[in-house]
Amino acid sequence: MTRRFLTTAGAAVLALTLAACGSAVASTDSSGRATTSATGSATSSATSSATTGAVASALADNAEPHAETDDAAYDAADAVQITLSGSGAAVEGSATGVSVDGSTIAISAPGTYVLTGTLDAGQVVVNSTAEGKVRLVLNGAQITSATGSAIQITAADEAVVVLAEGTDNSLTDAATYAGATSDSTEDTDAPNAALHSMADLTLTGTGTLTVTGNANDGIAGKDGLVIQSGTVTVTAVDDGIRGKDYLIVEGGTVSVTAGDDALKSDNEADDTVGYIALLGGTVTLDAGDDGAHAEGELTVGQATVTVERSTEGLEGSAIVIDAGTVSVTAGDDGLNTPQGGDGVSLSGGTVTVSADGDGVDTGGALTITGGTLVVSGPTSNGNGALDADGGVSISGGTLLAAGSSGMAVAPATDSAQPWVSVTFGDVVPAGSVVQLVSGDSVVASYTVAKDTSSVVFSSAALQDGASYDVYVGGTPSGQAIAGLTAAGTVNGAERVATVTEGQHTGGHTGGGPGGGPRA
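Quick caveat: nothing in here was measured; it's all calculated off a predicted structure.

Peer 1: For this particular structure, what's the right way to read the overall build of the protein chain?
Peer 2: On a plain count of helices and strands, the protein chain comes out with 2 helices and 44 strands. Across the 519 residues in the protein chain, those meeting the buried criterion constitute 57%. In the protein chain, once contacts between residues fewer than 6 apart in sequence are set aside, the share between residues at least 24 apart is 60%. Counting only carbon and sulfur atoms, one obtains 47% of the accessible surface of the protein chain, whose full area is about 17,400 Å².

Peer 1: Is there a simple way to think about the sheet that holds strand β42 (residues 484–485) in this case?
Peer 2: Strand pairing in a sheet takes place through backbone hydrogen bonds and is either antiparallel or parallel in direction. If you walk across this open sheet you meet the 5 strands as β42-β38-β37-β40-β44, and the pairing is antiparallel. Taken across any chain shown, the strands that pair with only one partner, and hence form the sheet edges, are β42 and β44 (494–500). Here strand β37 (residues 433–438) pairs with strand β40 (residues 467–472) via 4 bridges, running antiparallel. Paired with Q435 across the two strands is Y471, which belongs to β40.

Peer 1: What is the right way to look at the pattern of salt bridges in this model?
Peer 2: Pairing is possible between side chains of opposite charge, provided their charged atoms come close. In total, this model carries 8 salt bridges according to the counting rule given. Of the charged contacts, one joins K133 and D71 as a salt bridge, the two residues approaching to 2.3 Å between their closest N and O atoms. Of this pair, K133 sits in strand β9 (residues 133–144) while D71 sits in the loop between α2 (54–59) and β3 (80–86), and the two are 62 residues apart along the sequence. Classification of D71 by relative accessible area gives buried; the value is 0%. A network of salt bridges, in which partner residues are shared, links D239, D260, D261 and K264.

Peer 1: Explanation requested: the side chain of Q123 in the structure shown.
Peer 2: Along the chain, Q123 falls in strand β8 (residues 123–127). Using a relative accessible area of 11% as the deciding quantity, one classes Q123 as buried. Apart from the residues lying within four places of it in its own chain, the contact partners of Q123 are S103, T104, I105, S145, G148, S149, A150 and Q152.

Peer 1: What should I look at first to understand the environment of G102 in this one?
Peer 2: In this fold, G102 is placed in the loop between β5 (98–101) and β6 (104–107). Residue class for G102 comes out partly exposed when judged on its relative accessible area of 48%. Each C-alpha atom of the pair G102 and S87 lies 7.0 Å from the other, and the pair is 15 residues apart in sequence. Leaving out residues up to four positions away in the same chain, G102 has contacts with S87 and G88.

Peer 1: I'm lost on the pairing of strand β23 (residues 275–287) in this one. Help?
Peer 2: The side chains of a regular strand alternate, residue by residue, between the two faces of the sheet. Counted residue by residue, β23 has 10 buried out of 13 residues, so it is predominantly covered. As paired strands, strand β20 (residues 246–249) and β23 are joined by 4 bridges and run parallel to one another. Residue pairing across strands places V249 opposite L278, the latter belonging to β23. One ladder, built from 10 bridges, connects β23 with strand β25 (residues 297–309); its direction is parallel.

Peer 1: I would appreciate a short explanation of the nonpolar core in the present structure.
Peer 2: Side chains that are nonpolar tend, in soluble globular proteins, to be buried together. Counting residues in each nonpolar core, the largest one holds 82 residues, and the members touching the most others are I219, I241, L263 and L373. The contacts of L263, once residues within four sequence positions are left out, are I241, L247, V256, I276, L278, V283, L285, G291, A292 and H293.

Peer 1: Explain unusual backbone geometry to me, please; I cannot follow it from the model alone.
Peer 2: Glycine aside, negative phi is the norm for most residues, and most peptide bonds take the trans geometry. Phi is positive for A482, close to 50 degrees, though the residue is something other than glycine. Within the fold, A482 resides in the loop between β41 (475–477) and β42. On the basis of relative accessibility, which here comes to 46%, the residue A482 falls in the partly exposed class.

Peer 1: I'm lost on the environment of G86 in this one. Help?
Peer 2: Here G86 shows up in strand β3. A relative accessible area of 24% means that G86 is categorised as partly exposed. Linking G86 and A121, residues 35 residues apart in sequence, is a C-alpha distance of 7.5 Å. For G86, the residues in contact, after removing those within four places along its chain, are T118, L119, D120 and A121.

Peer 1: What should I look at first to understand the side chain of D358 in this one?
Peer 2: On the secondary structure map, D358 appears in the loop between β30 (343–355) and β31 (360–362). Although buried, D358 forms no salt bridge, and the nearest oppositely charged side chain, K450, lies 11 Å from it. Polar contacts involving the side chain of D358 include one to the main-chain amide nitrogen of G384, which spans 2.8 Å. When sequence neighbours within four positions are dropped, the list of residues in contact with D358 reads D332, D333, G334, N383, G384, A385 and D387.

Peer 1: Just checking my understanding: could you explain the pairing of strand β39 (residues 452–458) for this structure?
Peer 2: Taking burial as the measure, the 7 residues of β39 include 7 buried ones, the bulk of the element. Note that strand β35 (residues 398–403) and β39 share 5 bridges and pair antiparallel. Paired with A402 across the bridge in β39 is V455. Summarising the sheet, strand β36 (residues 419–428) and β39 pair through 6 bridges and their orientation is antiparallel. Each residue of the ladder has a partner; that of V422, found in β39, is V455.

Peer 1: Any chance you could explain the confidence of the model for the protein chain here in plain terms?
Peer 2: Residues shown with low pLDDT carry predicted positions that ought not to be read at fine detail. When pLDDT is averaged along the protein chain, the result is 87; 85% of the residues meet or exceed 70. In the model, residues 48–55 has pLDDT below 50 throughout and makes 21 contacts with residues more than four positions away in sequence or in other chains. Counting interchain partners and residues more than four positions distant, the pLDDT-below-50 stretch residues 509–519 has 40 contacts.

Peer 1: Would you mind going over the environment of G301 with me for this structure?
Peer 2: Looking at the secondary structure, you find G301 in strand β25. Since its relative accessible area comes to 1%, G301 is described here as buried.

Criteria and thresholds
- Residues numbered from 1 in each chain as written.
- Predicted model: local features only at pLDDT ≥ 70, side-chain atom pairs only at ≥ 80, totals over all residues.
- Heavy atoms only, no water.
- Helix = DSSP H or I, 4+ residues; strand = E, 2+ residues; numbered from the N terminus.
- Buried < 20%, exposed > 50% of the residue type's maximum accessible area, 1.4 Å probe, protein only.
- Contact = heavy atoms within 4.5 Å.
- Areas by Shrake-Rupley, 256 points an atom, 1.4 Å probe, with all protein chains shown as cover.
- Pairing = 2+ DSSP bridges.
- Salt bridge = Lys/Arg side-chain N within 4 Å of Asp/Glu carboxyl O.
- Core = buried A, V, L, I, M, F, W, Y, C linked by side-chain atoms within 4.5 Å.
- Lys, Arg positive; Asp, Glu negative; His and termini not counted.
- Polar contact = N/O pair within 3.5 Å; in protein donor to acceptor, adjacent residues only side chain to side chain.
- pLDDT = per-residue confidence, 0-100.

Right, dumping it as structure tokens:
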């Protein structure tokens, strides 16, 4: 359970959208020298990505993100070329901001530094105290450290890592070094990741980066961390990608395999930090603990987010999903927010959850105004597909919540959109088809993923106060979302129940208002 509670109300109704924004592309010319082209201006990339004011509104109460749309752009003529070779490096020309001492490349001034080649047992250390960005262009760079982080940014006004177009790059840290054990505290400033930054950090460009965190984290930023683009693959024994103040993914392809949390933002200093915003791109997470863990809000816009394995899938003081596609597999709770938080809000997009604990577990309210939520919940009666202490309210979109019946929760009786609740006398085995029928028309068809004894359904197709027959069997038809379709046939099916809209047929009402006839 997250430890930081929001004190402001209304954060859960914030909405996020993302559209194409200005971009910068790093590439190489025929001599291997880096060049760039860019569009857009030096504006905050997280806010400029919105077609409306939704993203800016969602981020307005949080620390302003640092990244700019032109972060990848630079003049190749002004860049310092550094060629990595085995246990050393060569710097082209005379550059006062960089020095080489054995296998350590030390960068001490703002500017653009292009790294090419392989460093077998060395390190790039940035310690720039002057005003201005330090831009590291990885142009086919493979850096492995035997003593610490592969890239260690001790100080910089701001740090940018550019993945040059068409290049493969890798960063690997040592298996052990001071301050970087898997059980070390993350409150210290000691480097503990293959890419470690004490400054605001931006990853951008169109190349690829493979990061291996052998000692602790893969990528760690002690301030803000923004991934604008590129293909980033991280494997870490502890956390995968961590931005202490905030972690924002605007685009690209991000894949993380982590022993603990895959994505994390954990600053608890105040309510403006510790947030995660997944605004675009494709994000795939495999986690030993949380797929994404935010001490502040966790928001999803036009991103495709897949949590392949986790204890708890997405966790934050509030969860706001406005668009995109989210798929969560969790050994415990799928979506989780704490007591005193602002709950879970769905206003658009498609969310599917497979959870052995609660599908949605919130100490606040679950509020659905749009989008689609399909939950394949627990088989144990000690948990429920939905568990909302502040109740479940639905006024738009589609909800299908299936699981055990002991803790089943239905929407509030004053929800604006009709709903039905079905409790089966016998468990419906995994793979069976459950169909909701009005007269001769199939309103909804659901192929259950697990043994199921309760189904709660709501959509605009339902009518206030109407009765519906429930069948087990038959054939679904139409496009399926996690087994849910809007049509089917009942040939060969068995009618097992009749339910009335707005009446909860089992479970409990401890998760908030629900049950009884609609007022």
